[in-house]
Amino acid sequence: MSGERAPDPGAPEVAAAASEVVERRVRVVNPMGMHARPAGRFVELARGFDARVRVGCRGEEVDGRSILSLLMLEAVKGTELVLRARGPEADEAASALAALVAAGFDERWSWDGRGARG
Amino acid sequence: MAEPGALPEPVLQGSPSAPGVAVGPAHVVRSRRRKVARRHVRSDRRSEELARLESAVARVVEGLDDTDAHLALAPPSEATQLAGALVTSHRALLVDPLFMGGVRARVSDEGLAAEWALEQTLADLKTRFAQLTRPEFRGWFRDVEGLASELLGELVGQSPGRYLECDSGDVVIARALTISDLITLIRRGAAAVVLEEGSLTSHVAVLCRSAGLPAVTGVVTARDRVHEDQLVEVDGDRGTARVGLPRNRATGRPTSGSWTPAPEHEALRVADGTEVLLRANLDLRLDADWARRQGTTGVGLWRTFFLYLNRLTLPTEDELAATFSEVVRDFAPAPVTIRLVDLSGPFDDEELPVDLRGLGECRGVRLRHERPEVVRTQVRALVRASVHGQVRVLVPFVTEPEEVAWVRAELARAQAELGIDTTIALGAMVEVPALLLGLDALAATCDFMAIGSNDLSALLLAHSRDRPRYERGPGPHPALLAAIEAVVAAGQRHGVEVSLCGELASDPRATRALLATGLRVLSLAPRLAPALRLTVADQTRRSLAARG
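Calculation criteria
- Residue indices begin from 1 for each chain and proceed along its sequence in written order.
- Lettering for chains starts from A, numbering for ligands starts from 1, and both go in the order in which the items are written.
- Side-chain atom pairs in this predicted model are given and counted only at pLDDT of 80 or more, local residue features only at pLDDT of at least 70, and totals for whole chains, interfaces and linings cover all residues.
- Here a helix means four or more residues in a row that DSSP labels H or I, a strand means two or more in a row labelled E, and each is numbered from the N terminus.
- Residue burial is a threshold on neighbouring C-beta atoms within 10 Å of the residue's own C-beta, all placed from the backbone, with 20 or more meaning buried, 12 or fewer meaning exposed, and counts in between meaning partly exposed.
- Whether two residues are in contact depends on their C-beta atoms, placed from the backbone: they are in contact if these lie within 7 Å.
- By our criterion, buried Ala, Val, Leu, Ile, Met, Phe, Trp, Tyr and Cys residues that link up through C-beta atoms within 7 Å make up a nonpolar core.
- When DSSP locates at least two bridges between a pair of strands, those strands are taken to pair.
- Structural elements are reduced to axes, namely lines fitted to C-alpha atoms, with helices fitted over the stretch in contact, and the angle between N-to-C directions of any two is expressed from 0 to 180 degrees.
- What a helix is expected to span follows from its residue count: subtract one and scale by 1.5 Å.
- What the arc measures is the spread of directions leading from the helix axis to the C-beta atoms.
- Every residue gets a pLDDT, meaning the predictor's confidence in that residue, from 0 to 100.
- Any angle between 65 and 115 degrees counts as roughly perpendicular, while under 35 counts as roughly parallel, over 145 as roughly antiparallel, and the rest as oblique.
- A clockwise turn of the near helix away from the far one marks a right-handed crossing, whereas an anticlockwise turn of less than a right angle marks a left-handed crossing.
- Each residue gets one label: Ala, Val, Leu, Ile, Met, Phe, Trp, Tyr, Cys and Pro are nonpolar, Asp, Glu, Lys and Arg are charged, and the others, such as Gly, are polar.

### Some remarks on the overall build of chain B
Part 1 of the argument: Of regular secondary structure, chain B possesses 21 helices and 17 strands.
Part 2 of the argument: A total of 548 residues make up chain B; the buried ones form 48% of that total.

This is how it looks when you write it as C-alpha cells:
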C-alpha cells in the first residue's frame, strides 16, 4: 500500500485540493474475492465520503460507487486493485477503502455458512 | 430415511444445499412473472413517471429498512450478519448508476414506461453478466433479477408479502427466491425450502445454511410435482424431498384434512410404552404457540449468551428480568430452562460488553471466579422471572458438584433478598467428561441434568468443535453413547430427569441409539421436531410390528 499522491494527468487543474488524486494499491485477500457482499460494503463505505472513487483492475477502471461495476471486475483473491480518490475527503476515502479491502472486507463468516469457530 | 418396505412416495432429487431434515405442508410459490406493459410516456408526463419509479424504489428500500430493523432486534448470529450484509448489497444496487441510472435514463430520455425501462435495463445487464468468466460473479445476476422483480412488483402494485403467504412450519416450494423473500420466509417460520433453481453456492443456499433452514435446490419442475398442503419431508443432507407422506405417519390422524401439528399432540411413545418428550431450544425469541404446534413442550435450553453480545455494557438486572419474564409467561405453564451465561461459541472479544472482554475461555459457571456479580445479577433476574411461570435454571460447564451447590445458595440468597418464594429447579449441564466419573455425587445436587452433546462429544473424543472429525463413520461414537447411558442411569437412581440438547438430539441417524440408552427427553430446534416425531413414530411402529 503506497501513500503517494500523484496529480491526475487527465483532469484540468481547477483547485489544487479538489483535483488532487490519492492513489492506493491494495490486494484482495479474502478467499471469495470481491463478490456481492464485499462489493456492497465497499460501495456503502465509498458513499460515506465526499470524494469520487475509481477502482482500477487489470487495466479497467470503474466507478467505486457502482456495485455492479465492481462485480464485473471479477476481482478474485490476489487481484491488485488501484483505488483513485479525488475530492475534499479523497485521502480519508482512499485510506478507509484500502483498509477495508486489506482486511478482507471484514468477512467474519466463511463461505459455507459455518462459523469460523464452529 | 428410505428403508425397505417404505411406502412408494415420490422422491424428488436435487442438490443438498443446506443440511437438516424438516417435515411440513407444502406452500407452492407460483410464478411471479408479470406482463410488462410496453408503453411510451409522453414527454410532458415523464417527470410523473419518474416520480412513480422513485416511490416504488422507496417502497423497496422500506422493505430493506424493515429487514434491517428486524435484524437489529434479533440476537446476533451468523445468519443475521449475513442477511445484514446482503441487505447492504441490495441497497447499493438500488443506487447503482448502471442499474437505476439506466432505468431512469430510459424513462427520461427514451420515454419508456418505468416497467419497460426496468425490463430493458435488466436485459442489458444480463448480457454483460453473461460475458463474465467466473461463475461466482456471473451468478450474482440472480440477486439483481430478484431485486428487479421486487421493484417490478411494487410498480404494478403487488408487494412481495402478498404472494409469500407462508405459514410457520411450511415447506416452501419455489422456482427461485430472492434474499428478501428468504428473509421474509425465515421471519414467518418456514421449515425448509425446495427450489427449482439455485445451487450450493447461491446466496439463498448460504443464508439457509446460516439460518439452519434445510434446503434442496435444483429440483426441476418441483412446483408441478408438489401440491399445495401436501406433506413434504425435506432432507437437506441428501438433497431429497419426499412428497405426499401419508399424514397419519405424522399425527396418527386420518389421511384427509390439513396437516397441522396441533397443541394436543398425542404422546410420543417408544415400543416399551414410555413417553418421549421433546423440548424446544431457544436462541432467538420464539413464538411459543408455534413451538407448541411443532410438538415441543416447554423450553429445554435457552442460551442467554446472546443477551450479552454486541453491546458495550452488561445487561442490567431489570433488563434481564423483563426478557426472562416475557418468555416464561409465553410458555407457561410449561417449564422454561434458562442456562446461565456461557461464554462459548463464535464471537470476537469486541462483540462482548467491556466488562467481559478477555474472558473468552472462561466457560460457563467458571465465570463466578472472574465476574461473580455477572452471575449474581442473572440469578436475581431469574428469581424475579420465576413468579411468571416455571423457571428451571441450568448451570453450564459444570466440573464439580460444588459449583451447582454454589448456584443453589445464590438462588436461595436472591429469593430471600427479593422476598420471592418460588420453586426453581436447578440442573447441571453434563459436558465436561470429568463429571462422568462422579455422576452420583452430581445427581445428588441436581433437580435435573442436561447433556450438552456438542461439547461432551468434543471433549470426550478429543476433537475440536470447528475441525473435521476423524473418528469412525457417521452416527454417535459408542463412547459417547456409553456416557449418555451412564448419565441416564444415574438420573434414574436419583429420580432426576435427564435430557439431551445438542445436534445429536435432532439427528435422525442417532435417534434409535439415543432412545436405546433410556434417554426420553430431547431438546431441539422446534422446526426439527416434526421430523423427529416421524422418526420416533416409525421406529415404534416397526418394533411393535416386529414383535407381532
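### As for the overall build of chain A
Part 1 of the argument: Looking only at helices and strands, chain A features four helices and five strands.
Part 2 of the argument: In sequence order, the secondary structure elements of chain A are arranged as β-α-β-α-β-β-α-β-α.
Part 3 of the argument: Here chain A holds 118 residues, and the buried ones make up 38% of them.
Part 4 of the argument: Excluding contacts between residues fewer than 6 apart, the proportion of contacts in chain A whose partners are at least 24 apart in sequence is 68%.

### Thoughts on the nonpolar core
Part 1 of the argument: Grouped together as the largest cluster of nonpolar side chains are 186 residues, with contacts concentrated most on B:V171, B:V193, B:V194, B:V393, B:V395, B:M449 and B:V487.
Part 2 of the argument: Ignoring any residue separated from it by four or fewer positions in sequence, one finds B:V194 in contact with B:G14, B:V171, B:I173, B:V216, B:V219, B:A222, B:V234 and B:A241.

### Focus: the sheet that holds strand β4 (residues 171-174) of chain B
Residue and element names in this part refer to chain B.
Part 1 of the argument: Spatial ordering of the open sheet is given by β1-β8-β7-β3-β4-β5-β6-β2, a layout of eight strands whose pairing is mixed. Strands with a single pairing partner mark the edges of an open sheet, and in this sheet they are β1 (11-13) and β2 (15-18). The mean angle between the axes of side-by-side strands here comes to 30°, regardless of whether they run parallel or antiparallel.
Part 2 of the argument: In this sheet, strand β7 (residues 231-235) lies alongside strand β3 (residues 21-28) in antiparallel orientation, the contact comprising five bridges. Paired with P25 across the bridge in β7 is L231.

### So, helix α19 (residues 478-494) of chain B
All names here are of chain B.
Part 1 of the argument: Across its 17 residues, α19 extends 24 Å between first and last C-alpha, which sits within 8% of the 24 Å expected from 1.5 Å per residue.
Part 2 of the argument: Among all positions in α19, only L480, A483, I484, V487, V488, A490 and G491 are buried. One side of α19 carries all its buried residues, which in axial view fall inside an arc of 160°. With respect to the buried face of α19, the exposed residues turned more than 90 degrees away are P478 and R493.
Part 3 of the argument: Buried positions along α19 lie against β14 (425-430), α17 (439-445), β15 (448-452), α18 (453-460), β16 (497-501) and α20 (508-516).

### Quick word on unusual backbone geometry
Residues and elements named next belong to chain B.
Part 1 of the argument: Across the junction of A332 and P333, the peptide omega takes the value 5°, indicating a cis bond.
Part 2 of the argument: Examined against the element boundaries, P333 turns out to sit in the loop between α13 (317-331) and β12 (335-339).
Part 3 of the argument: The phi angle at F397 is positive, at roughly 55°, despite the residue not being glycine.
Part 4 of the argument: Its location among the elements puts F397 in the loop between β13 (390-395) and α16 (401-418).
Part 5 of the argument: Here the phi dihedral of A462 falls at roughly 55°; this positive angle occurs in a residue that is not glycine.
Part 6 of the argument: Within the fold, A462 resides in the loop between α18 and α19.

### Some points on the environment of B:L460
Residues and elements named next belong to chain B.
Part 1 of the argument: Structurally, L460 is set in helix α18.
Part 2 of the argument: With 18 C-beta atoms counted inside 10 Å, the residue L460 sits in the partly exposed group.
Part 3 of the argument: Note: C-alpha distance between L460 and A483 (23 residues apart in sequence) is 9.0 Å.

### Description of the confidence of the model for chain B
Residues and elements named next belong to chain B.
Part 1 of the argument: Per-residue pLDDT for chain B has a mean of 84; in total, 85% of the residues score no lower than 70.
Part 2 of the argument: Contacts from residues 1-8, a stretch scored under 50 in pLDDT, to residues over four places away or in other chains number three contacts.
Part 3 of the argument: Here residues 249-264 is a poorly scored stretch, pLDDT under 50, and it has 31 contacts once near neighbours within four places are set aside; other chains count.

### Structural notes on the packing of α18(B) against α19(B)
All names here are of chain B.
Part 1 of the argument: Where α18 meets α19, the closest approach of the two axes is 10 Å, and the angle between their N-to-C directions is 125°. It follows from the interaxial angle that α18 and α19 lie oblique. Viewed along their axes, α18 and α19 form a crossing whose handedness is right-handed. The segment α18 lies against α19, with L456, S457 and L460 engaging A479, L480 and A483.
Part 2 of the argument: Split by residue class, the contact of α18 with α19 holds five nonpolar, one polar and no charged.

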